[in-house]
Amino acid sequence: MKTNLLFLLILLLPGFLKAQTKIPGKVVDASGHPLDAVTVTLLKDQKQVASAFADLGTFSLIYKEPGSYSVKASLVGYQPTSLTLLLPKDSIVITMQPDSKQLSEVTVAYRRPVIERQIDRVSFNVENSLLATGGSAWEALVKAPGVQVNASNEVTANRKTVKIYMDGKPLQLSGEDLASYLQGLPSDQVARVEIYSNPPARFDAEGASVINIVTKKGKKEGFNLALNSGLLQGIYPGYNAGTTFNYRKSKFNVYGNYSFTHRHSFQDHNTAIDFGNSLWSSVNRNIYQSDNHNYRLGADYQISPNQVLGVLITGNNRNGTTEGNTFTKATNKQQVLDSTLRTVNLVPGSGSQYTYNLNYNLKLDSGKSSLNIDADYSPYRTTSNAYADNQSFLPDGSLTDNRFHIFTPSQQKIDIYSGKVDYAFKAGKSWDITTGAKYSSTKSRNNFIYYDRAGDALTLIPQNGNQFIYRENNAALYASLSGTIGNWTLQGGLRAEYTRAKGYSVTLNTTNERHYLKLFPTLFAQYKLNDDQQLQLNYAYRIERPEYNRLNPARRYLSPYNIYVGNPGLQPAFVHNLELSYTYKDYHVTAYYTSTHDVFTNINMQDNQTRIYYGTHANLGLSAIAGVRLSAAVRPSGWWEINAIADGYRQHEASAYLNSSFDYHLISFAGNLDQAFTINAKQGIKAELNAGWYGPGIQGIYRNRANGQVDAGVKTNMLHGKGSLRLAVNDIFNTNTNYVSINYQDQQSRFFHHVESRTVALSFSYRLGKNITASRNRSTASEEERKRAQ
């Protein structure tokens, strides 16, 4: 069907172009240099015939009949220009004169605010936040408004699950792997973080919300280069360095970036488990080191004024080691020591991920319609060689014969092939229509091997190992419509997805299959009351699919008493999102409701007889949240900016579980206050202070305590404005910790989890040439709609 559609478009295109006449043009400044992003309009009898957006000074306009026309050109910082001409003619040359007054105003106003709001997203401009720059992309992500990370490094946005994208591509990572990858990318290479609370139809239907991390790229003519480096000091030192470059000349553009990051940090995970007649208390610290290489190389060639062919390669390689030490005390109810255990874990590992993209973009009718075609291939590989040693001691300190020494190497290989076609066009003067089709094929192969160790001798235990193969194919069609009617701005869409999935455990000889066709509608409606006030309503129906590592039934042993196992029988969950908001100038009030049915989540189960603690995943019942969120952007004076968010909400968790059921309710609150101060505008000296607080929460049978964090930073320009130096202190009071408890039937346990968060970051950046901003706005087969692989 897709092939026939493309063939039909190719057949019709020559006739379409033949019926109209195209005239090329150039727009330059007084010195003859080409001007970028100029809006050029062709008029006949004061009525618009065509319009174009100049790309590096070149444009083309289409008209139907000869005659007298006028051409108008406009660009911020230049005087509006108008020409009268007779068509046909060979070409048009427009010369624009600078508007010195307007340029002065633009210089003052160009800096984007830290937080921007649009009809379908909130953007956190990382490059304008002192606290988000100088560290890693992970640290920038968690500073975005409404974004939280739990003890398992699972990311949520406004307490909704998210799908993470980078430059429009779904990241093929989750949990610890996602954190490791983003910790290896300097935040100085991130332009902004976009948060889609209710993603539109062009996105994959997966994820209750979407976060898209947009990296810096180049757009200006000639060669541009930006350098950055940073030091991060917590208990251990870390450092990073990177560069972003762009070269653009005539029809050819090549761009890329590279960064290296060395991380050295720790995390604590302490537990207290009540097995009925025995209490087990554990103190754990994991110390990890990693080296990360991130790189990106792309090239675009402008075949003609309305056609672009591009290739893009991105990659990441990382190597690291985690060393863990756990000390466990087992006592009876009278707190009399029964035994102690010491567990040592050593986990060296490596990973790599690549994406190869080929893109073709065709603009028609002076940019009023466009055709975009993408093909992607993404391989992802990880290896791990885990050693676990456990020793038991009697109360007098003597060593028992109960010893546990294992070696468990594992490998994961994921291959994703995907392609998509998007066609966008205007329907009348007020409506934009976008349609598209996408297909993806994913194969995940996992091999887990279990050996007993006695010195250097290894004994294979086949029944404790596992081979798991997972395949998933997804086909999607979507259509969206957006436009304005009077004071109304409307955007609606429908996405249909058909999924076939099959998981096969070679070791257990078991198969789990599922296939389903689902429709996912979206709606955005905005009504402008006046220039200062507006109302907005949006709704989306979404799906949450289990990551592949949750489905893998392999058992992973941290100790003989602490085991993790996946669940190949997990089913997808379905989400309803509804929001109603009111805006008055820079003040926003949003009432929201989100309900997730068949929610899948981490669960812990304790066996009070064997004293084994299992971690796994299961589908539960209902997870719902309703609340009101207030936000405001205030500028009390020219040197002081304030962004504030306050969120009050009610959570509801209900499900059958372990031969019983639960029905929990909780009212809570979260808030964030970000303040920016301009100390010396001439020298570019600025400061920033941020405070965030998140109230208690519930997730299934888990209950979380409140936590918070205070950050501060300062920045100054140097080297004639081409360099900048930043100093930031994160989590000044070391309060960003997680306390979690379970109190359900005979399941009684408590956890303390803390990832090192109190750090000092010093960073320096320098640019050569013009500013590094954004390259061609291109979509890929994975852009905003690619298959997950986690």
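The structure presented is a predicted model; accordingly, all values stated were derived computationally and were not measured.

## A look at the overall build of the protein chain
The helix and strand tally for the protein chain stands at five helices and 47 strands. Expressed as a percentage of its 790 residues, the buried residues of the protein chain come to 50%. Of the contacts made within the protein chain by residues no fewer than 6 positions apart, 65% connect residues no fewer than 24 positions apart. Within the structure as shown, the protein chain displays about 35,700 Å² of accessible surface, and the carbon and sulfur contribution to it stands at 57%.

## Some thoughts on the sheet that holds strand 4 (residues 58-63)
Reading across from one edge, 4-1-7 is the order of the three strands in this open sheet, with mixed pairing throughout. Single-partner strands in this sheet number two, and they are strand 4 and strand 7 (92-96). In this sheet, adjacent strand axes meet at a mean angle of 30° when their direction is disregarded. Both strand 1 (residues 21-29) and strand 7 contribute to a ladder of five bridges, which runs parallel. If you follow D29 over to strand 7, its bridge partner there is M96.

## Overview of the pairing of strand 23 (residues 404-427)
When strand 22 (residues 369-393) meets strand 23, the two strands line up antiparallel, connected through 21 bridges. Within strand 23, the residue paired with P379 across the bridge is D415. Bridging between strand 23 and strand 25 (residues 451-454) involves two bridges; their strand directions are antiparallel. Bridge assignment links F407 to a residue of strand 25, and that residue is Y451. Judged from the 18 bridges that link them, strand 23 and strand 24 (residues 431-448) form a sheet pairing that is antiparallel.

## Let's talk about the nonpolar core
Counting residues in each nonpolar core, the largest one holds 26 residues, and the members touching the most others are L141, V155, I164, L182, V193 and I211. Secondary-structure elements contributing two or more residues to this core are helix 3 (137-142), strand 11 (155-157), strand 12 (160-166), helix 4 (175-183), strand 14 (190-196) and strand 15 (209-215). Once residues within four sequence positions are removed from consideration, L182 is found in contact with S136, A137, W138, L141, M166, L171 and I213. Of all hydrophobic cores here, the second largest spans 22 residues; its members include A52, A54, L61 and Y69.

## Quick look at the pattern of salt bridges
What the rule picks out here adds up to 15 salt bridges. Here K528 and D531 are joined by a salt bridge, their closest N and O atoms 3.4 Å apart. Judged by its relative accessible area of 71%, D531 is exposed. We note a salt bridge from E547 to R550, for which the minimum N-O separation is 2.5 Å. This pair shows no difference in class: E547 is buried, exactly as R550 is.

## Let's talk about the environment of I195
Structurally, I195 can be placed in strand 14. In this structure, the C-alpha to C-alpha distance between I195 and F124, residues 71 residues apart in sequence, is 8.0 Å. In this view, I195 contacts D120, R121, V122, A144, P145, V147, A157, V210 and I211; residues no more than four positions away in its chain are not counted.

## Re the sheet that holds strand 5 (residues 67-74)
The four strands are arranged 3-2-5-6 in an open sheet whose pairing can be described as antiparallel. At either margin of the open sheet sits one strand with a lone partner, and together these are strand 3 (47-53) and strand 6 (81-87). Here the average twist between neighbouring strands, direction ignored, is 25°. Sheet analysis places strand 2 (residues 39-44) next to strand 5, joined by five bridges and oriented antiparallel. Note that in strand 5 the partner of L43 across the bridge is S70.

## Quick notes on the packing of aromatic side chains
Going through the model one piece at a time under the given rule, you end up with 25 aromatic pairs. Here the aromatic rings of Y387 and F407 are separated by 4.6 Å at their centres, their planes lie at 25°, and the arrangement is stacked. Here Y387, found in strand 22, pairs with F407, found in strand 23; they are 20 residues apart in sequence, far enough to count as distant. Exposure remark for Y387: the relative accessible area of 30% places this residue in the partly exposed category. Residue F407 is classed as buried on the basis of its relative accessible area of 11%. The interplanar angle of 50° and the centroid separation of 6.2 Å between the aromatic rings of Y613 and F751 together place this pair among those described as tilted. Linking Y613 in strand 36 (residues 612-619) with F751 in strand 46 (residues 747-755), this pair joins segments that are 138 residues apart in sequence. The exposure class assigned to Y613 is buried, which follows from its relative accessible area of 6%. We classify F751 as buried; its relative accessible area is 11%. Its guanidinium or amino end placed over the ring of F266, R285 lies 3.9 Å from that ring's centre, counting from NZ or CZ. The side chain of K518 reaches across the aromatic face of F574, ending 4.9 Å from its centre.

## Focus: the confidence of the model for the protein chain
Of all residues in the protein chain, 89% attain a pLDDT of 70 or more, and the chain-wide mean is 84. Within the model, the stretch residues 1-19 combines pLDDT values under 50 with nine contacts to residues more than four positions away or in other chains. Here residues 101-110 is a poorly scored stretch, pLDDT under 50, and it has six contacts once near neighbours within four places are set aside; other chains count.

## Some points on the pairing of strand 38 (residues 640-657)
Alignment of strand 37 (residues 622-637) against strand 38, held across 14 bridges, turns out to be antiparallel. Each residue of the ladder has a partner; that of S637, found in strand 38, is W640. Summarising the sheet, strand 38 and strand 39 (residues 660-680) pair through 18 bridges and their orientation is antiparallel. Of the residues in strand 39, the one forming a bridge with A656 is S661. Remark: two residues form the turn of the hairpin made by strand 38 and strand 39, two consecutive strands paired antiparallel; L658 in that turn has positive phi of roughly 50°.

## Looking at unusual backbone geometry
The peptide bond linking L87 to P88 adopts the cis configuration, its omega dihedral lying at 10°. Relative to the assigned elements, P88 resides in the loop between strand 6 and strand 7. The phi angle at K585 is positive, at roughly 55°, despite the residue not being glycine. Within the element layout of this structure, K585 appears in the loop between strand 33 (573-584) and strand 34 (587-597). Judged by relative accessible area, K585 falls into the partly exposed class, the value being 47%. Positive phi is not limited to glycine here, since N659 has a value of about 60°. Relative to the helices and strands, N659 resides in the loop between strand 38 and strand 39. According to the relative accessible area criterion, N659 is exposed, its value standing at 88%.

Rules used throughout
- Residues numbered from 1 in each chain as written.
- Predicted model: local features only at pLDDT ≥ 70, side-chain atom pairs only at ≥ 80, totals over all residues.
- Heavy atoms only, no water.
- Helix = DSSP H or I, 4+ residues; strand = E, 2+ residues; numbered from the N terminus.
- Buried < 20%, exposed > 50% of the residue type's maximum accessible area, 1.4 Å probe, protein only.
- Contact = heavy atoms within 4.5 Å.
- Areas by Shrake-Rupley, 256 points an atom, 1.4 Å probe, with all protein chains shown as cover.
- Pairing = 2+ DSSP bridges.
- Axes fitted to C-alpha atoms, helices over the stretch in contact; angles between N-to-C directions.
- Core = buried A, V, L, I, M, F, W, Y, C linked by side-chain atoms within 4.5 Å.
- Salt bridge = Lys/Arg side-chain N within 4 Å of Asp/Glu carboxyl O.
- Phe/Tyr/Trp six-rings, centres within 6.5 Å; stacked < 30°, edge-to-face > 60°.
- Lys NZ or Arg CZ within 6 Å of the ring centre and 35° of its normal.
- pLDDT = per-residue confidence, 0-100.

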